[in-house]
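Commentary on secondary and tertiary structure
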Amino acid sequence: MIKSIGKLHSPLVLALAVLIVFLPTLFNDFQRGWDDQWQVLDYEFVTNHSLSDLWYHFTHYHLGQYMPVNTVLYVIIYETFGFNPVAFHATSLLIHLANTLLAYAIIYITIKQTKPVWNAERIRIFSFLATLAFAIHPLQVESVAWISASKIVLYSLFFLMGIRLYLNYLRTLNVWWLIGAALCYLFAYGSKEQAIIFPLNLLAFDYVFDRFKKLKFSFGSLKSRVIVEKIPFFLIALLLYAFSVSNNLGTFTTDTYPIYQRLLFSMSSFMEYLFRYIAPVKLYYFYFFPIEVGEALPLYFWVYPVLVTICIIFIRTNFVRNNRLVIFGFLLFVINIVLVLHLIPMPRQMITADRYMYFSLIGLGVIVTWFIYYLYVRERAWRKFLIPGLAVWLIFFGAHSFVRTTEWKDSDSIKKNVNELIEKRKAENKPAVDNPLQNGAYGEE
């Protein structure tokens, strides 16, 4: 199987996999009781817009969110097809397809540069497996199948385009590629505020390309270039943050959990995301906080620091050993979920969400693929189990995503999932919570 993958036309196979797995989304309706109502159907700017409205839209937040580029996309779809759910779903699907192909190209270039001794076939296999997991993972269903979550796939598109241009810059040192990456950064932020962490992703690529060499800082040195070329990106980040504060975004809140509880929440979320990547079972569309503000945490939460420590020690002891590729994957994973780990108090109604993992899955794909490669090369006795196991794992991803996509048919279908979780909480004598779908939208952060 492994060798046959190397002979495949990987981009074509990835494209077919995405289209097949997410095909049911084209038959789904709007989520009329869950955010699609206020973000698309009832949003006056979508149906009644002018140039003056456009300027206001780009200079102000809308109901606590900044997503003008994403809303302009809604306008284009509406003007072309009206409120046809097929057109909206098809757009999200095509953007996810584009993201998949961009992710493959970026991983391929990264592996080629960091593993020069690998032949082209091995690079294609590694890049294909890491990208396939990103493309069809069940955690991606929420971002692709939910129209209101199109901002996730759209900001990721500009993210990936910006990184691709940055890789061109690293190859040529032509400043125009850097300017293009900065423009993509702005478009990404205009799609979703989470894109503000784009500069940190560039530093992760600097690391994997070994640009932080042990050189003295002097004008014209590699280290000084790495720092100077990032200054515009971090200045943009500061300006965007100031812009969000001036619009009274309410990013920070004082009515929140104490720092030690938020720290435990962050470790809990970290491990939950890892578990859901490896074994995406019991996935829900709403993950409630385990307690209300002011209550004591369940004792089992103190297990998470131990699990995080064991996880880090295991990876470092067995797989890192100066392996920049593994560390790079870990950086991509952590950087792109750091804003939703509750270290920074934010007014969120859920402790975790599948869509928060969309971009981070690229980093985990790199780590897991390296783990598979390590076992394949070093543990020959495992090969007869490894290849069938890998095939079953990926087939499970695709089949599970296909089924979950059908569950997004309409608001009634996903209410069943939320109601199941509420009943489960009652059975476990956990604090009572309101159904986020009961009164319409809950607000997609």
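Report on the accompanying structure.

Digging into the packing of aromatic side chains
- Counted according to the given criterion, the structure contains 42 aromatic pairs.
- Considering the side-chain rings of Tyr185 and Phe198, the 5.2 Å spacing of their centres and the 25 degrees angle between planes classify their relative orientation as stacked. Pair noted here: Tyr185 is in helix H11 (residues 175-191) and Phe198 is in helix H12 (residues 198-208), with a separation of 13 residues, a long-range link. Both residues of the pair, Tyr185 and Phe198, count as buried.

Looking at helix H7 (residues 85-114)
- Relative to the 44 Å expected for 30 residues at 1.5 Å per residue, H7 spans 43 Å between its end C-alpha atoms, a close match to the ideal helical length.
- Taking burial as the measure, the 30 residues of H7 include 21 buried ones, the bulk of the element.
- Where H7 begins, one side-chain oxygen reaches toward the backbone nitrogen of Val86, 3.0 Å away; that side chain belongs to Asn84.

A short note on the packing of H12 against helix H14 (residues 231-246)
- In contact at an axis separation of 9 Å, H12 and H14 are set at 155 degrees when each is read in the N-to-C sense. Here H14 runs roughly antiparallel to H12, going by the angle between their axes. Residues Phe198, Pro199, Leu200, Leu202 and Leu203 of H12 form the contact with H14, whose participating residues are Phe233, Phe234 and Ala237.
- Looking at the contact of H12 with H14 residue by residue, the class counts come to eight nonpolar, no polar and no charged.

Points about the pattern of salt bridges
- Within the structure shown, the criterion is met by nine salt bridges.
- Between Arg32 and Asp29 there is a salt bridge whose closest N-O contact spans 3.4 Å.
- Looking at Asp29, the relative accessible area reads 27%, which means it is partly exposed.
- A single salt-bridge network, built from bridges that share partners, covers Asp206, Arg211, Glu229 and Lys230.

Quick word on empty space enclosed by the protein
- One pass over the full model with this rule turns up three cavities of 30 Å³ or more.
- One number sums up the size of the largest cavity: a volume of about 70 Å³.
- Around the largest cavity, the lining residues are Ala103, Ile106, Ile107, Thr110, Leu160, Ile163, Phe205, Phe328, Leu332, Phe359 and Ile362.
- Secondary-structure elements contributing two or more residues to the lining of the largest cavity are H7, helix H10 (150-172) and helix H17 (324-335).
- The element contributing the most residues to the lining of the largest cavity is H7, with four residues.
- The calculated volume of the second largest cavity comes to roughly 50 Å³.
- Leu129, Ala133, Tyr277, Val368, Thr369, Ile372, Leu390, Trp393 and Leu394 are the residues that line the second largest cavity.
- Mapped by element, the contributors of at least two residues to the lining of the second largest cavity are helix H8 (120-136), helix H18 (361-378) and helix H19 (383-406).
- Of the residues belonging to the lining of the second largest cavity, the class tally is eight nonpolar, one polar and no charged.

Section: H19
- Between its first and last C-alpha, H19 extends 35 Å over 24 residues, near the 34 Å set by a 1.5 Å rise per residue.
- All of the buried residues along H19 are Leu386, Ile387, Leu390, Trp393, Leu394, Phe397, Gly398, His400, Ser401, Arg404 and Thr405.

Things to note about the environment of Ile111
- Structurally, Ile111 can be placed in helix H7.
- Note on Ile111: relative accessible area 1%, which makes it buried.
- Sequence separation between Ile111 and Phe126 is 15 residues, and the spatial gap between their C-alpha atoms is 8.2 Å.
- Not counting residues within four places of it along the chain, the set of residues in contact with Ile111 comprises Trp118, Ile123, Phe126, Ser127 and Leu325.

Conventions we followed
- Residues numbered from 1 in each chain as written.
- Predicted model: local features only at pLDDT ≥ 70, side-chain atom pairs only at ≥ 80, totals over all residues.
- Heavy atoms only, no water.
- Phe/Tyr/Trp six-rings, centres within 6.5 Å; stacked < 30°, edge-to-face > 60°.
- Helix = DSSP H or I, 4+ residues; strand = E, 2+ residues; numbered from the N terminus.
- Buried < 20%, exposed > 50% of the residue type's maximum accessible area, 1.4 Å probe, protein only.
- Expected span 1.5 Å × (residues − 1).
- Polar contact = N/O pair within 3.5 Å; in protein donor to acceptor, adjacent residues only side chain to side chain.
- Axes fitted to C-alpha atoms, helices over the stretch in contact; angles between N-to-C directions.
- Parallel < 35°, antiparallel > 145°, perpendicular 65-115°, else oblique.
- Contact = heavy atoms within 4.5 Å.
- Nonpolar A, V, L, I, M, F, W, Y, C, P; charged D, E, K, R; others polar.
- Salt bridge = Lys/Arg side-chain N within 4 Å of Asp/Glu carboxyl O.
- 1 Å grid on protein atoms, 1.4 Å probe; cavity = no way out; pocket = protein on both sides within 12 Å on 5 of 7 lines; lining within 4 Å.
- Points joined across faces, edges and corners; volume = space filled by probe spheres on them.

Function cannot be read off these values alone, since they describe shape.
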